[in-house]
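One-letter residues, chain by chain:
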Amino acid sequence: MAFGRLESRKPDAPMSEINVTPMVDVMLVLLVIFILTAPLMTSAIRLDLPQSEGTEAGAAPQAVSLVVDAQGALFLNDKPISPEALRQRLSEAAKRNPQTELELRADQSVPYGRVVEAMGLAQKAGLTRIGFVAQTPSTTKR
């Protein structure tokens, strides 16, 4: 019986090259992240703003309340008013503060045309902000 040597081959030589593909992938991802975030970082301009006594930037604009009741009568801030006087008062409010908001409350039985007339008066007076006020249905247990 002959004992022979099993064929043995030379072990593989250690790899001496660096695989740069994963490194390039990581660098490209970082480059994209920096390209996207760089404009956001440069838009923050540091300023020393002067001090002034006035309204705060987030202060709510003035509001006037216009009510159209079931008979079509007009009420400005809960006081009865004629359409001519309403036009004058709304134009005065618009001159004082162009951002004045008109809170329009109309009875549900008022014809739509009457509400549109009131809106037209406000728009001709120079008020561009109109808010419609409605009552939320109450949840009552029966």
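Above: the structure in question.
Residues numbered from 1 in each chain as written. Predicted model: local features only at pLDDT ≥ 70, side-chain atom pairs only at ≥ 80, totals over all residues. Heavy atoms only, no water.

## Let's talk about the pattern of salt bridges
- According to the stated counting rule, one finds three salt bridges in the structure shown.
- The shortest N-O distance in the salt bridge between Arg-105 and Glu-103 comes to 3.8 Å.
- On the basis of relative accessibility, which here comes to 33%, the residue Arg-105 falls in the partly exposed class.
- Residue Glu-103 is classed as partly exposed on the basis of its relative accessible area of 26%.
- A salt bridge links Arg-114 to Glu-117, with the shortest nitrogen-to-oxygen separation between them at 3.0 Å. With a gap of three residues between them, Arg-114 and Glu-117 both fall in helix α3 (residues 112–125), about one helical turn apart. (Salt bridge = Lys/Arg side-chain N within 4 Å of Asp/Glu carboxyl O. Buried < 20%, exposed > 50% of the residue type's maximum accessible area, 1.4 Å probe, protein only. Helix = DSSP H or I, 4+ residues; strand = E, 2+ residues; numbered from the N terminus.)

So far we have only geometry, and geometry alone does not tell us how the molecule works.
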